[in-house]
Every structure is written in C-alpha cells, then in structure tokens.
Amino acid sequence: MKSVAKQHQKSSKNLVTLTAVKKIDRFGSLIMNSDNKITKFVEKNNKSQDFINGGFQIVNKKALSSINLINVMEFEILEKLSKK
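It should be emphasised that the depicted structure is a prediction, and the values quoted were computed from it without experimental measurement.

A. Quick look at the overall build of the protein. The helix and strand inventory of the protein stands at two helices and four strands. In the protein, the succession of α and β elements from N to C terminus is α-β-β-β-β-α. Evaluated residue by residue, the protein yields a buried proportion of 13% over its 84 residues. Summarising the internal contacts of the protein: among those between residues at least 6 apart in sequence, 58% fall at separations of at least 24. About 7,400 Å² of surface is accessible on the protein, with carbon and sulfur atoms providing 54% of the total.

Structure, rendered in structure tokens:
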C-alpha cells in the first residue's frame, strides 16, 4: 500500500484522493396510509447512482497543514480540502 501512496503523490496534483463506493440501501421501506397502516412493502434499492466515502484516503503532505486533529475528518477536513 505504501508504494501505491508514493506513486499517487508523484502523479497527482490532488490534495486528497479517496475511494468512492456505490450507496446500497440497507433496508427496504414501508408505505403507510394516513391511518398508519402499511399499504406496501418496497424492497431495498440497490440501483442507486449515489456514491459514499469508502473510507480509504490518500492525503498529500501539503494538505497536512490544514488538519487540526480535533476536527472531524469527513465533514470538516475533507470538505475544506475539496474546495482548494
């Protein structure tokens, strides 16, 4: 993995690269009427076009000056770095 990160740093101008995976619904849904009675069962939707953070990031050393270890990585740090 170390060699992949080093190769990436040499070839990319990005501050952060992360894995993106397709979002898969964990549960199906219920459709209910105004009396709160179930009228329909809907299976999980695994055809979503949305992506979520897969949890693996390669961070360029230049980005480290933007990181405060108290911050929440995904919401504060990655969001800030994505705008640079």
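That shown, we press on.
B. Region of interest: the nonpolar core. Grouped together as the largest cluster of nonpolar side chains are five residues: Val 16, Ala 63, Ile 77, Leu 78 and Leu 81. Per-element tally for this core: the top contributor is helix 2 (residues 73-82), with three residues.

C. Representation of the pairing of strand 3 (residues 38-42) within the structure. Two elements, strand 2 (residues 29-32) and strand 3, share four bridges in a ladder whose sense is antiparallel. Looking at the pairing, Met 32 lines up with Ile 38 of strand 3. From the end of strand 2 to the start of strand 3, which pair antiparallel, there are five residues, and Asn 36 there has a positive phi angle of about 60°.

D. How the structure looks around the environment of Lys 84. If you trace the backbone, Lys 84 turns up in the segment after helix 2. Each C-alpha atom, one on Lys 84 and one on Ala 63, is 9.8 Å from the other, the two residues being 21 residues apart in sequence.

E. Focus on the environment of Val 59. As for its placement among the helices and strands, Val 59 is situated in strand 4 (residues 51-59). Residue classification places Val 59 among the partly exposed positions, given a relative accessible area of 23%. For the pair Val 59 and Leu 18, spaced 41 residues apart in sequence, the C-alpha separation works out to 8.5 Å.

F. Here's a closer look at a nonpolar patch on the surface. Residues Leu 30, Met 32, Ile 38 and Phe 41 make up a contiguous nonpolar surface patch of about 430 Å² in total accessible area. Listed by contribution, the elements that provide at least two residues to the nonpolar patch are strand 2 and strand 3. Its relative accessible area of 64% is what places Phe 41 among the exposed residues.

G. Structural context of the environment of Ile 24. Within the secondary structure, Ile 24 is located in the loop between strand 1 (16-22) and strand 2. According to the relative accessible area criterion, Ile 24 is exposed, its value standing at 56%. A sequence separation of 24 residues divides Ile 24 from Ser 48, and the C-alpha atoms of the two residues are 6.8 Å apart.

Rules of the game
- Residues numbered from 1 in each chain as written.
- Predicted model: local features only at pLDDT ≥ 70, side-chain atom pairs only at ≥ 80, totals over all residues.
- Heavy atoms only, no water.
- Helix = DSSP H or I, 4+ residues; strand = E, 2+ residues; numbered from the N terminus.
- Buried < 20%, exposed > 50% of the residue type's maximum accessible area, 1.4 Å probe, protein only.
- Contact = heavy atoms within 4.5 Å.
- Areas by Shrake-Rupley, 256 points an atom, 1.4 Å probe, with all protein chains shown as cover.
- Core = buried A, V, L, I, M, F, W, Y, C linked by side-chain atoms within 4.5 Å.
- Pairing = 2+ DSSP bridges.
- Patch = residues over 30% accessible without salt bridge, like charges linked within 9 Å, V, L, I, M, F, W, Y side chains within 5 Å.
- Salt bridge = Lys/Arg side-chain N within 4 Å of Asp/Glu carboxyl O.

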